[in-house]
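Chain and residue survey
Residues per chain are reported as follows:
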Amino acid sequence: MASPSMTPFRQELPFLEWKRGIAGQRLKQAAIAGVLLVLVALTAWRCEVHMKTFVLGIDKGLPLVGMFFPPEWSGMVGMLQPLGVTTVMAMAATILGMCLSLPCALAASSNLAPPPLRLMMRAFIALERGLPEIVQMLLLIAIFGLGPIPGLVALSFSSIGMLAKLLADAIEEIEPHMLEAVAGTGATRSQVIRYAVIPQILPALFANGLFRFEFNVRAGVILGAVGAGGIGYIMSTAMNSMDYQRACMATLLTLALVFITERVSDFFRGRILAGGLLR
Amino acid sequence: MLRVSNIVVKLPDGKRLVNDVSFTVGRGEFVAILGSSGAGKSLTLRCIVGLTRPSEGEIALMGPSGKSYRTTDVKAQELRRARRHIGLIFQGSNLVKRLTVLENVMLGRLGHINPLRSWLLGFKDAEAREAMVALDRVNMTSCAARLAGSLSGGEMQRVSIARAIHQRPLIYLADEPISSLDPKNAEAIMAILQPLSRETPVIGAFHQPMVVAKYCTRAIGIRSGKIVYDGPAQISARQLEHIYGDSESESYLPVRPSGAQPPFYGSNLQPVLHEGATV
């Protein structure tokens, strides 16, 4: 008597309910896509973005591209020193940020810190993350003057912001049973941090730190252009004096630096997350 | 000896999750706490180590020298002192996965180690050798150098027992130590806990009356936060029904046997009833 076309009533209603749910989801997705499309059209109209600007720009820009070549190879050796300044600035900022982000993360995690301290620290981190590096840099130039020092401070500050937030999240993900088991032996809070929290988040600290290093190299180039020195400064002076071949050389070196740091950081990050490095 | 007197755990709305639970556990006892999920087994155990603070009642642990340690209504420092004498064994996943097995065992004695030494020097070789003896009792010495995260569930459970042994407690508390294990591993864990209980009493929460009857000396049945059975570990079917309640609870919806014909409804959604079937 049971034919495949007949569905038991017990299954029919839940099935229809499921189908309604799926249809609702589709509708919601379509609505979101529509709203986004309207927004794009509206902003393009208000900000007077026209395809004409692109087309004319290409027309004017193409001959300019030719002026970038050949790169000024003779300037390469002289640029290696500023390149080093940018790298060292990024590296020092990353290490400083990693060291300082650990206490900040401990104070910002809900499962370790008392609520008032946690809220204060979260607000501090939000502030650091809210200020772009370049804004911090411009403020710091007023204090330290031009040079790599304000760049270093700006990069370390925003590194603390990002790393502390990621680490605090990693700390909050530690299973509560694990912390309770250590606390249950009569250990103090500092011992729980030493033996249950730090070993668990060390890989996250180093993996995110390497990621941040990549970011700091790129941000360091930009900060260089607004006064932190390094390869970014070479780049901006060359562009301002319309020495396009020199700018091209600086661009190539920047590309090489970013590419190498990315490869190196990927390599170590892979090793850390696989558990080979750091045990 | 452990004395639990009249403990009550209340939710903010006044609902009692543990309601007036009292019992004492003395030398040579292996006590099993039985009851459905949510009956209050784990909560009672958590009260004993002070991970949950009961709103009423008193819990005291008496040492052989007559010294007593309370875990209710005490300050943090005194609670830590009491916890040193309670060996905790949780249900799986309570080891620090990024530390080695031996380090995890050594965590058992953190309560006896100065926090400053934990940060500056770490564990001593003598402590490591002592931890090795504890690891030997659970037959896990060959895994000492491995990371705890690489162990199987049964192995992890053994290591957490070794950690409790290394603590040299006055009592062992085991919260569902065999729930996540296959029958063979569960028996192995019970075969470790049973001889242990002859030296130091063991209290554990269990879901397996058959295993309890085989290994334990006494059983306590909890239903809706109240003790409804306290007696020999060999429990009759009738008494079990009393502990676990009858099938009126909705979490015990019967599963339809695969061969049985359900009441059938046609595709026109009109009920077609078998003779004698009820809707």
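Residues numbered from 1 in each chain as written. Chains lettered and ligands numbered in written order. Predicted model: local features only at pLDDT ≥ 70, side-chain atom pairs only at ≥ 80, totals over all residues. Heavy atoms only, no water.

Let's talk about the overall build of chain B
Inclusion rule: Under the scheme used here, helices are H or I runs from DSSP no shorter than 4 residues and strands are E runs no shorter than 2 residues, and both carry numbers assigned from the N terminus. Whether a residue is buried, partly exposed or exposed follows from its accessible area with a 1.4 Å probe, protein chains only, as a fraction of its type maximum: under 20%, in between, or over 50%, in that order. For this analysis, residues touch if any pair of their heavy atoms sits within 4.5 Å. Shrake-Rupley sampling with a 1.4 Å probe provides the accessible areas, and residues are treated as covered by the protein chains on show and by no other component.
The helix and strand tally for chain B stands at 9 helices and 12 strands. Taken over 279 residues, chain B has a buried fraction of 50%. Of all intrachain contacts in chain B linking residues separated by at least 6 positions in sequence, the fraction that spans at least 24 positions is 66%. Surface summary for chain B: the accessible area is close to 13,700 Å², and the carbon and sulfur share equals 52%.

Focus on the sheet that holds strand 7 (residues 171-175) of chain B
All names here are of chain B. To be explicit about the condition: Should DSSP find at least two bridges between two strands, the strands are taken to pair. Simply put, an axis is a line fit to the C-alpha atoms, just over the touching stretch for a helix, and the angle between two N-to-C directions goes from 0 to 180 degrees.
The strand order 6-7-8-3-9-10 describes an open sheet built from 6 strands, whose pairing is mixed. The sheet is open, and its two borders are formed by strand 6 (86-89) and strand 10 (226-231), each paired with just one other strand. On average, each strand axis in the sheet is inclined to that of its neighbour by 20 degrees, with strand direction left out of account. For strand 3 (residues 30-34) and strand 8 (residues 202-205), the ladder comprises 4 bridges, and the chain directions are parallel. Residue pairing in the sheet places I33 in a bridge with A205 of strand 8. Contacts from helix 6 (residues 153-166) reach strand 6 and strand 7, with the element oriented near 175 degrees to strand 6. Across the sheet, helix 9 (residues 237-244) touches strand 3, strand 9 (218-223) and strand 10, and the angle it forms with strand 9 is around 40 degrees.

Notes on the domain arrangement of chain B
Residues and elements named next belong to chain B. For the record, the criterion: In this document the domain limits rely on a domain assignment from an automatic tool or a database. Here the quantity called buried area is the total loss of accessible area, with a 1.4 Å probe, experienced by two parts when brought into contact, counted for both.
Splitting chain B by domain gives domain 1 (1-85 + 169-267) and domain 2 (95-168). Computed from C-alpha coordinates alone, the two centres of domain 1 and domain 2 are separated by 26 Å. Listed per partner, the contact involves 15 residues of domain 1 and 13 residues of domain 2. Taken together, both faces of the contact between domain 1 and domain 2 bury some 1,200 Å²; the carbon and sulfur share is 60%. Broken down residue by residue, the surface that domain 1 buries against domain 2 is led by R84, P169 and I192, which jointly contribute 41%.

So, the domain arrangement of chain A
You can read the domains of chain A as domain 1 (4-66) and domain 2 (75-273). A separation of 35 Å is found between the C-alpha centroids of domain 1 of chain A and domain 2 of chain A.

Let's talk about the confidence of the model for chain A
This is how the line gets drawn: For every residue, the predictor reports its confidence as pLDDT, a number between 0 and 100.
The predicted model of chain A averages 86 in pLDDT, with 96% of residues at 70 or higher. Between the elements of chain A, mean pLDDT differs from a low of 77, seen in helix 2 (residues 51-67) of chain A, to a high of 90, seen in helix 1 (residues 9-46) of chain A.

Thoughts on the packing of aromatic side chains
Each aromatic ring pair is specified by the distance between its two centres and by the angle formed by the two planes. Residue and element names in this part refer to chain A. Just so we agree on the cut-off: Two aromatic rings from Phe, Tyr or Trp, using only the six-membered ring of Trp, form a pair when their centres are within 6.5 Å; if the ring planes differ by under 30 degrees the pair is stacked, by over 60 it is edge-to-face, and anything between is tilted. Only lysine NZ and arginine CZ atoms are considered, and such an atom sits over a ring when it is within 6 Å of the ring centre and within 35 degrees of the ring normal.
Within this structure, the stated rule accounts for 4 aromatic pairs over all chains. Its end group placed over the ring of W45, R46 keeps NZ or CZ at 5.8 Å from the ring centre. The positively charged end of R194 is found above the aromatic ring belonging to Y195, 4.5 Å away from the centroid.

A few points about the interface of chain B and chain A
Basically, it comes down to this: The rule for a salt bridge is simple: a side-chain nitrogen of Lys or Arg has to be within 4 Å of a carboxyl oxygen of Asp or Glu. For the purposes of these results, a polar contact is taken to be a pair of N or O atoms within 3.5 Å, where, inside protein, one atom must be able to donate a hydrogen and its partner to accept one; residues adjacent in sequence count only when each atom of the pair is a side-chain atom. Note on residue categories: nonpolar means Ala, Val, Leu, Ile, Met, Phe, Trp, Tyr, Cys or Pro, charged means Asp, Glu, Lys or Arg, and polar means any other residue, Gly included.
Each partner contributes residues to the interface: chain B has 38 residues there, and chain A has 34 residues. Buried surface at the junction of chain B and chain A, both sides included, amounts to about 3,400 Å², of which 62% is carbon and sulfur. Across the salt bridge formed by A:E180 and B:R46, the nearest N and O atoms sit 2.8 Å from each other. Where chain B touches chain A, the interface holds 10 residue pairs in polar contact (both at pLDDT 80 or more). When residues of the side of chain B that touches chain A are traced back to their parent elements, those giving at least two are helix 2 (76-83), strand 6, helix 4 (115-120) and strand 11 (264-265) of chain B. Broken down by element, the side of chain B that touches chain A gets its largest block of residues, 3 residues, from helix 4 of chain B. Broken down by class, the residue content of the side of chain B that touches chain A amounts to 18 nonpolar, 11 polar and 9 charged.

Re the packing of helix 8 (residues 189-228) of chain A against helix 10 (residues 244-274) of chain A
All names here are of chain A. Heads up, the condition is: Each angle receives one of four descriptions, namely roughly parallel if under 35 degrees, roughly antiparallel if over 145, roughly perpendicular if within 65 to 115, and oblique otherwise.
Contact pair helix 8 / helix 10: the axes reach a minimum separation of 9 Å and the direction vectors enclose 175 degrees. Judged by the angle between their axes, helix 8 and helix 10 are roughly antiparallel. In contact with P203, F206, A207, L210, F211, F213, E214, V217, R218 and V221 of helix 8, helix 10 contributes T254, L257, V258, T261, E262, S265, D266, F268, R269, I272 and L273.

Digging into the side chain of B:Q167
Here B:Q167 lies in the loop between helix 6 and strand 7. Setting aside chain neighbours within four positions, we find B:Q167 in contact with A:G184, A:T185, B:R83, B:R84, B:H85, B:I86, B:G87, B:L88, B:G108 and B:R109.

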